[in-house]
Amino acid sequence: MIYIQLFMAFFVSNILGYGGGPASIPLIQKEVVDHYHWLTVKEFSEMLAIGNALPGPIATKMAGFIGYQQAGILGSVIALFATIAPSVLLLVILLRILFKYKDSPNVKKMTNYIRPVIAILLGLMAYEFFMNSYGDSGIWQTLFLVAASFLLLEKLRVHPAFVIVGALVYGAVFLA
Amino acid sequence: MRQLDIFIAFFRSGMLGYGGGPSAIPLVKKEVVDTYKWMDDDEFGDLLAIANTLPGPIATKLAGYIGYRVGGILGLGTALFAAVIPTVFLMVLLLTTLTQFKDQPWVMGMTKAVVPVVGVMLAVMTWDFFKKSTSGLGWTSAIILLIISLGLMEFAHIHPAVIIIVLMAAAWIPLKRKGKKGESAEHKQKRESV
């Protein structure tokens, strides 16, 4: 049942992501690439790249697209539902109770404990992306693109959408 | 025209926010507190803190709750629709178009070039999470946790979900030691989260 699988994949990866959608990215990859094999690592990285070039929350862009790709409009709706509904419903229903915990040291500890795990997951993903690029485009192109995009994003503070568009144009011309 | 206001507020903050939901928080605040005055500063701050006690995407938690408070169940639907659907639609449109031309050499070149760039973005996010880990836990505990979780995931092949659930539970185990160190880390965090 693809619908149930879609629901489970996005429910699990988002309900475990503390710190907003970006924290869920590696967990989503784990589900859709490693577990269900809906996308290859390469397809996933393309999707993430295009997702980063567009505005809006990242977790929902990925859920909406993967759901659509696997099972059409209904699949997209189910993946989005699984991503959004659990946390929104909990928030609306439990707001009063959660209010008591908003400054609780245990909640902060939870976030603090999970962050290193997310850091490792993101770091491993970054490594995978670099290795893929090394395999596809060779060491020099990879080094050039890494250095150039790092400089533009972090030092010159160019908007990420422009950097991605720039990379797309560069690739169409020089890596074709 | 309450529903329309809700739609515009979350459409605007969704379409103008880059880098995922967390980076759109100031935009949501601008709409909700400054433009439409549905909440004051303190209330928004409280809501953000409460929303952060729960997992899941932050942008949709905020949209869902604020939409619900301003316009009931229909408002909840409107806010979520405005925050999510336009960008999902763009995503599907762009990716399906690209897939149609995926055998063209120029499209293959585009894909190749974009992979290392996203790698850089992920590396920056990694560094971000790493820094937040050390400011929340202190260097020693953060590094120990990093090494343990790397070992468990990469070498023992334990699913990250298991590790996260265990850590979430561990956070509720009472510790007797209460020092000033924890407090200062808390303050730091509060500043970061606004």
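Computed from a predicted model, the values in this text were never measured in an experiment.

Considerations on the nonpolar core
Core analysis: the largest hydrophobic core is formed by 106 residues, its most contacted members being A:Phe10, A:Phe44, A:Leu48, B:Phe10, B:Leu62 and B:Ile66. The contact partners of B:Leu62, leaving out residues within four places of it in the chain, are B:Phe10, B:Ile25, B:Val28, B:Phe44, B:Leu47, B:Leu48 and B:Ala51.

Things to note about helix H4 (residues 58–100) of chain B
In a regular helix each residue adds 1.5 Å, so 43 residues correspond to 63 Å; H4(B) covers only 33 Å between its end C-alpha atoms and thus falls short of that length. Maximum bend of H4(B): about 145°, positioned at B:Gly71.

Describing the interface of chain B and chain A
Across the contact, 89 residues belong to chain B and 96 residues belong to chain A. Taken together, the two surfaces of chain B and chain A that pack against each other cover about 8,400 Å², and 80% of this comes from carbon and sulfur. Counting the surface chain B buries against chain A, the share from its top three residues, B:Tyr18, B:Met91 and B:Phe129, is 8%. Where chain B meets chain A, there are 0 salt bridges. Across the contact surface, chain B and chain A share 8 residue pairs in polar contact (both at pLDDT 80 or more). Those elements giving two or more residues to the side of chain B that touches chain A turn out to be helix H1 (2–16), helix H3 (41–53), H4, helix H5 (105–137), helix H6 (139–155), helix H7 (160–170) and helix H8 (180–193) of chain B. Top contributing element to the side of chain B that touches chain A by residue count: H5(B), with 26 residues.

Side note on the packing of helix H5 (residues 105–155) of chain A against H6(B)
Orientation of H5(A) relative to H6(B), taken along the N-to-C sense of each, is 55°, at an axis distance of 9 Å. By the angle between their axes, H5(A) is oblique relative to H6(B). Considering how the two elements wind past one another, H5(A) and H6(B) form a crossing that is right-handed. Mapping the contact onto sequence places A:Tyr113, A:Pro116, A:Val117, A:Ala119, A:Ile120, A:Leu121 and A:Leu124 in H5(A) and B:Ala142, B:Leu145, B:Leu146, B:Ser149, B:Leu150, B:Met153 and B:Glu154 in H6(B).

Some remarks on the UniProt feature "transmembrane region" (unreviewed entry) in chain A
Residues and elements named next belong to chain A. Within this numbering scheme, the UniProt entry marks residues 7–28, 71–99, 111–131 and 158–175 as carrying the feature "transmembrane region" (unreviewed entry). The distance separating the terminal C-alpha atoms of residues 7–28 is 12 Å; by composition the span is 77% helix and 0% strand. Helix makes up 83% of residues 158–175 and strand 0%, with an end-to-end C-alpha separation of 23 Å.

Points about the packing of aromatic side chains
For the structure shown, the criterion picks out 12 aromatic pairs over all chains. Note on A:Phe7 and A:Phe11: the rings are 5.7 Å apart at their centroids and 10° apart in plane angle, and the pair reads as stacked. On the criterion of helical spacing, the pair formed by A:Phe7 and A:Phe11 is a turn pair, its members being 4 residues apart in helix H1 (residues 2–15). A centroid spacing of 5.5 Å and a plane angle of 25° characterise the contact between B:Trp127 and B:Phe130, whose relative ring orientation is stacked. With B:Trp127 and B:Phe130 both in helix H5 and 3 residues apart, the pair spans about one turn of that helix. Through a chain of ring-to-ring contacts, the aromatic side chains of A:Phe7, A:Phe11 and A:Phe81 assemble into a single cluster. Between the NZ or CZ atom of B:Lys132 and the centre of the ring of B:Phe129, over which it lies, the distance is 5.5 Å.

Section: the domain arrangement of chain A
Residue and element names in this part refer to chain A. Partitioning chain A into structural domains gives domain 1 (2–136) and domain 2 (138–176). Each of domain 1 and domain 2 was reduced to a C-alpha centroid, and the two centroids are 25 Å apart. In this complex, domain 1 contributes 7 residues to the contact, which on the side of domain 2 involves 6 residues. Buried area between domain 1 and domain 2, summed over both chains or domains, comes out near 590 Å², and the portion from carbon and sulfur atoms is 71%. For the domain 1 face of the interface with domain 2, the top three residues by lost area are Ala53, Phe130 and Tyr134, together amounting to 58%.

Parameters at a glance
- Numbering of residues begins from 1 in every chain and follows the order in which that chain's sequence is written.
- In the order they appear in the text, chains get letters beginning with A and ligands get numbers beginning with 1.
- pLDDT decides what is reported in this predicted model: residues at 70 or higher carry local features, side-chain atom pairs at 80 or more are listed and counted, and totals for whole chains, interfaces and linings draw on all residues regardless.
- The basis for the side-chain values is all heavy atoms of the structure; hydrogens and waters are excluded.
- Here, nonpolar core refers to any group of buried Ala, Val, Leu, Ile, Met, Phe, Trp, Tyr and Cys residues whose side-chain atoms link them within 4.5 Å.
- Any residue under 20% of the maximum accessible area for its type is buried, any over 50% is exposed, and the rest in between are partly exposed; the area is computed with a 1.4 Å probe on protein chains only.
- Contacts are residue-level and defined by heavy atoms, with any inter-residue pair within 4.5 Å sufficient.
- Working definition: helices are DSSP H or I runs of at least four residues, strands are E runs of at least two. Numbering for both runs from the N terminus.
- Expected helix span is taken as 1.5 Å per residue step, with the number of steps being one fewer than the number of residues.
- To get the bend at any residue, fit one axis to the seven residues that end at it and another to the seven that begin at it, then take the angle between the two axes.
- Here the quantity called buried area is the accessible surface, traced with a 1.4 Å probe, that two parts lose on coming together, added over both.
- We define a salt bridge as a contact between a side-chain nitrogen of Lys or Arg and a carboxyl oxygen of Asp or Glu at a distance within 4 Å.
- Think of a polar contact as two N or O atoms within 3.5 Å of one another; within protein, one of them needs to be a possible hydrogen donor and the other a possible acceptor, and neighboring residues in sequence only count if both atoms come from side chains.
- Only the contacting stretch of a helix is used when fitting its axis, a line to C-alpha atoms as for every element, and angles between N-to-C directions run 0 to 180 degrees.
- Any angle from 65 to 115 degrees is called roughly perpendicular, while one under 35 is roughly parallel, one over 145 is roughly antiparallel, and all others are oblique.
- The handedness criterion is simple: a crossing whose near helix is rotated anticlockwise from the far helix by less than a right angle is left-handed, and one whose near helix is rotated clockwise is right-handed.
- UniProt positions are given in the numbering used here, feature names are shortened, and annotations may be inferred rather than shown by experiment.
- Aromatic pairs are defined between Phe, Tyr and Trp rings, using the six-membered ring for Trp, whenever the two ring centres lie within 6.5 Å; interplanar angles under 30 degrees are classed as stacked, those over 60 as edge-to-face, and all others as tilted.
- The criterion is that NZ of a Lys, or CZ of an Arg, lies within 6 Å of the ring centre and within 35 degrees of the ring normal, and then a charge sits over that ring.
- Domain start and stop points were drawn from an automatic or database domain assignment.

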